[in-house]
Amino acid sequence: MTIEVEQLSKSFSTGRAKRRTLVEAVRDISFSVEAGERLAYIGPNGAGKSTSIKMLTGILRPDSGAASVLGITPWTHRKQLARRIGTLFGQRSQLWFELTSLQSFRMLGAIFDMSDLQLATRVGELGELLDATEVFAMPVRNLSLGQRMRCELAACMLHEPEILFLDEPTIGLDLLGKQLFRDLVIRLNEERGTTILLTSHDVADIESVANRVIVINHGSVIYDDDVEVMRRSLFTTKRVEVGLERPVIVPEIAGAQLVEHTETVARFVVDTSKRSIRDVVDAILEHLPVADLSIVDPPLDEVIGAIYSQLAVE
Amino acid sequence: MQRTLAERGGFIVSTGFYLAVVAVVGSLWRAAADGKGGTIAGYGAASLFWYIAATEAATVSLNMRLIDDIGTDISGGAIASEMLRPVSLVAVRMASEFGRALPRLTTCTLAGAVMSWIIVGAPPGLVSAAMTVVALALAIGCNIAAQHAFAAIAFWIRDARSAWFLYQKLVFVLGGMLLPIEVLPGPLRLVARLLPFVSMAYIPGRFAAGHVEPLLLLQQVGWLVALLAIALRIFATGERRLQVVGG
Amino acid sequence: MRSLTATMRSAFAEAWSNRSGFWLQVSIMIVNDLVWVVFWVLFFREAGSVRGWDTQQVLMLQAILTTGGGIVLGFFNNARRLGQLAADGALDATLVLPVPTLPHLLVRRVETTNLGDLIFGVALFVIGCDPTWSRIAIYLAGSLISVITLTGFLVAIGSLSFFFGRNEAGELGFHAMVMFAMYPVDVFTGPGRAVLYSVIPAAFIASVPAKLAESFDLGMALGMIGAAVVFATVGYTMFTLGLRRYTSGSAWTRA
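On a predicted model such as this, the values are computed, not experimentally measured, just so you know.

Broken down by element type, chain B carries 10 helices and 2 strands. Out of the 247 residues in chain B, the part that is buried amounts to 49%. Taking contacts inside chain B between residues at least 6 apart in sequence as the whole, the part at least 24 apart equals 78%. Taken as a whole, chain B presents about 10800 Å² of accessible surface, with 69% of it coming from carbon and sulfur.

With that settled, the discussion passes to the packing of aromatic side chains. The full count for this structure, using the stated rule, is 21 aromatic pairs over all chains. Centroid distance Trp36 of chain C to Phe39 of chain C: 5.6 Å. Interplanar angle 85 degrees. Geometry classified as edge-to-face. Placement of both Trp36 of chain C and Phe39 of chain C in helix H2 (residues 22-47) is noted, with a separation of 3 residues, approximately one turn of the helix. Phe39 of chain C carries the same exposure label as Trp36 of chain C, and that label is buried. Plain terms: the ring middles of Phe39 of chain C and Trp40 of chain C are 5.0 Å apart, the flat faces sit at 65 degrees to each other, and that makes the pair edge-to-face. Classification of Phe39 of chain C as buried rests on a relative accessible area of 2%. Each residue in the set Trp29 and Phe172 of chain B together with Trp36, Phe39, Trp40, Phe43, Phe44 and Tyr183 of chain C is aromatic and connected to the rest through ring pairs, giving one cluster. Stacked on the ring of Phe89 of chain A, the Lys or Arg Lys54 of chain A has its end atom at 6.0 Å from the ring centre. Over the aromatic face of Trp96 of chain A sits the side chain of Arg108 of chain C, whose NZ or CZ is 5.4 Å from the ring centroid.

Right, let's get into empty space enclosed by the protein. Using the criterion set out here, one finds 2 cavities of 30 Å³ or more in the structure. Taken as a whole, the largest cavity spans an internal volume of roughly 190 Å³. Lining the largest cavity are 18 residues, and of these Thr87, Leu88, Gln94 and Cys156 of chain A together with Val96 of chain C lie nearest its centre. Of all the elements, strand E5 (residues 85-89) of chain A adds the most residues to the lining of the largest cavity, at 5 residues.

All names here are of chain A. Summarising burial for strand E8 (residues 212-217): 6 of the 6 residues are buried, a large majority. Here E8 shows two buried faces, one formed by Arg212, Ile214 and Ile216 and the other by Val213, Val215 and Asn217. Bridge count between strand E3 (residues 38-42) and E8: 4 bridges; the pairing is parallel. Residue Leu39 lies in a different strand from E8, and its bridge partner there is Arg212. Once E8 ends, the chain turns through 2 residues before running back antiparallel as strand E9 (residues 220-226), passing His218 with a positive phi of about 45 degrees.

Of the residues lining the interface, 23 residues belong to chain C; the matching set on chain B comes to 25 residues. At the boundary of chain C with chain B, total buried surface from both sides reaches about 2300 Å², with 84% on carbon and sulfur atoms. For chain C, the biggest contributors to the area lost against chain B are Phe39, Leu42 and Glu46 of chain C; these three give 24% of the whole. At the junction of chain C and chain B, the tally comes to 0 salt bridges. Our count for the contact surface shared by chain C and chain B stands at 3 residue pairs in polar contact (both at pLDDT 80 or more). Of all elements in the fold, only H2 and helix H9 (168-181) of chain C reach the threshold of two or more residues within the side of chain C that touches chain B. Counting residues per element, the side of chain C that touches chain B draws most heavily on H2 of chain C, which supplies 13 residues. In the side of chain C that touches chain B, the residues fall into 18 nonpolar, 2 polar and 3 charged.

Calculation notes
- The residue count restarts for each chain, going from 1 along the sequence in the order it is written.
- By the order in which they are written, chains take letters starting at A while ligands take numbers starting at 1.
- Side-chain atom pairs in this predicted model are given and counted only at pLDDT of 80 or more, local residue features only at pLDDT of at least 70, and totals for whole chains, interfaces and linings cover all residues.
- Where side-chain values are given, they derive from all heavy atoms of the structure, hydrogens and water being excluded.
- Each helix is a run of H or I in the DSSP string that is no shorter than four residues. Each strand is a run of E no shorter than two, and both are numbered from the N terminus.
- For the exposure calls, accessible area comes from a 1.4 Å probe over protein chains only, and a residue counts as buried if that area is under 20% of its type's maximum, exposed if over 50%, partly exposed in between.
- Contacts: residue pairs with any heavy atoms within 4.5 Å of one another.
- The method behind every accessible area is Shrake-Rupley, applied with a 1.4 Å probe, and residues are considered shielded solely by the protein chains displayed.
- Side-chain rings of Phe, Tyr and Trp (the six-membered ring for Trp) are treated as a pair once their centres are within 6.5 Å; stacked means planes under 30 degrees apart, edge-to-face means over 60, and tilted covers the remaining angles.
- Over a ring means this: the NZ of a Lys or the CZ of an Arg is within 6 Å of the ring centre and within 35 degrees of the ring normal.
- Every definition here rests on a 1 Å grid over the protein atoms only: cavities are sets of points where a 1.4 Å probe fits but cannot get out, pockets are open sets enclosed by protein on both sides within 12 Å along at least five of seven lines, and lining residues have some atom within 4 Å of a point.
- Grid points are joined across faces, edges and corners, and a volume is the space filled by probe spheres set on the points.
- Strands pair, by our definition, only if DSSP identifies at least two bridges between them.
- Summed over both partners, buried area is the accessible surface (1.4 Å probe) that two parts give up on being assembled.
- Only one rule defines a salt bridge in this text: a Lys or Arg side-chain nitrogen within 4 Å of an Asp or Glu carboxyl oxygen.
- Distance and chemistry together define a polar contact, namely a pair of N or O atoms within 3.5 Å, with one atom able to donate a hydrogen and the other to accept it when in protein, and with adjacent residues in sequence counting only for side-chain atoms on both sides.
- Throughout, the ten residues Ala, Val, Leu, Ile, Met, Phe, Trp, Tyr, Cys and Pro are labelled nonpolar, Asp, Glu, Lys and Arg are labelled charged, and all others, Gly among them, are labelled polar.

Don't take any of this as a statement about function, it's just geometry.
This is the structure in structure tokens:
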């Protein structure tokens, strides 16, 4: 096992002096990860994702429980572990803002005891892999967010880590940027066998990157299974939004459930395991004066809500 | 609620720092006078302590970042929007700044007086003590007017911060904030007397040290009027410029 | 060691490329320091000497204070910002690196404008402090020790924010330190004086080495070294203990 977590808990005290209350950020979570897995660790904001990752990288100490990452207890041997893992926190940069990424890499190379030759070779490889050789030579201040994320990714991979912890890596990226980033992560994993642990609240990140999903909410693990399994049960739900040219009475459309209807908009929920989205859309186009139509994934809180209700049923 | 608490905390801390500075610098001068047989430049040991208590109260009661703030408002466009109101903008600003400084001035003056009384005994004179209070208020007025005049250079140049800094140092040395200007060497003393900065620190200090010199109050009033006129004038010019170039 | 020099080099390059108005800022620092020299010269011209202090000795105090303070705020600028960083949860980027945390943090930020103080301190010593060999030795040793004591003190009070979650104590301590270190310690009497030799070790930052330059006293010198050792230890210990309670910004941004 690459990562083993047993009944990990962590609380924070919040509020001002007199009204201090304890918030349980993470409560008794347990799971394990095998080498080479691509694990998505998901949940709504404040669910405890970051807190978990920060414990696994040794930044935070848990109140109770145990964890072992590459056979090391993170918070007692943080620096030892740091040599073997890479971390990318979407909101915290490892790069110097005014300098070029190459300059930052030079500092990191020294920190990870790399020789000049090793570093140059590695930067060359990463430049090719990330298609960022020129971007590396530009001051970080001048980079677009997508370019910056590629540099951040290079920074956390310089020392060839065995595990990559990516905390909200796609936050703020545009659609294309997200897709590029996802492809990269998959390639890293497939070519080098790097274990990936990724947090996100973007359903698409999970669908396209991960092969396994852990859902956490209110500090507890509420779902842990292969993405395929989850897809079959949950990602079969789509939402179809139809802009109407004029007010109409919406007829029954097989396989689609009308959830909202105004003079200008009709919203449906479609279970694609019962009727294909194509058939449903065809039916809608045929029966309604469509001005505009979009198909979207249900937002993550709905997915989690669905998981909850399923758990309740079972 | 939290905000007022934090503000009250800041108030207490700044008063504490005021008292500490007065205690240190006051003690320094008192020790110096004691070493010289009791007087320095005509001031007795106790008088010097009261002098420092007054000059410090006159200077720390102001919003320290006033010049900075005005500069930011000018370059940030806040002034431009205020200009739409049908009153003299700078007059309103100066009046509200004066109102804001008064509670701090009162607190510092009272705390400083109590501490001085305990450490070096009663103030050197009753009449002069009463005049100190008037002089303190005038000093604040002069300071605010001068700071607005100084800050208005932000209409022309971007960096008002350096102006603020220079200004502070002028009050520090030529205004007599930490040392009575009688201590300055001859030519410099003359220059100091001719400049407005003495109205902002030295004059209330002089009264607090027990001197009854009503002409000094007149000097303060004169400078207050002059500085107000200058501030209004510079702002008017600056505003016109802002309208021309479109801010 | 290699990682520290590399970090420092980056910090320097970062500060240097962000130096808008650099010379203006440095001149402002120098003018500020110069005004204090003017004050002291005028003061002692009038007073002669006060409690054993005269112009030359107080200039030595200023030289050591600006040199030591300039080094700490210039090269170890995070010593002053530590409390804020801890309260904001801004230590993550350092904690995921295999480096000694505190030293790395300290050199991670350079503030070029504070180097104005350093330049001033050296110049003042060379021009105004009669640099004989023995005085040079005391100036260098005194500055070094004041760097250690000041850094230790700033780290210690900054670390309080690990425990309280806010950094008011740190800011307050910093300002008190700067204010009290500026004056000859013998101006203070009674309990105030005792505080400056202990809790807020302002006496050891500049007054004590300046006194040693005038008349060397072994006990005093050992006391000064002792204070540096104590504050370095206290700072390091408080930081290490505090780090265990580090919340990475989670506790204070939630709810």
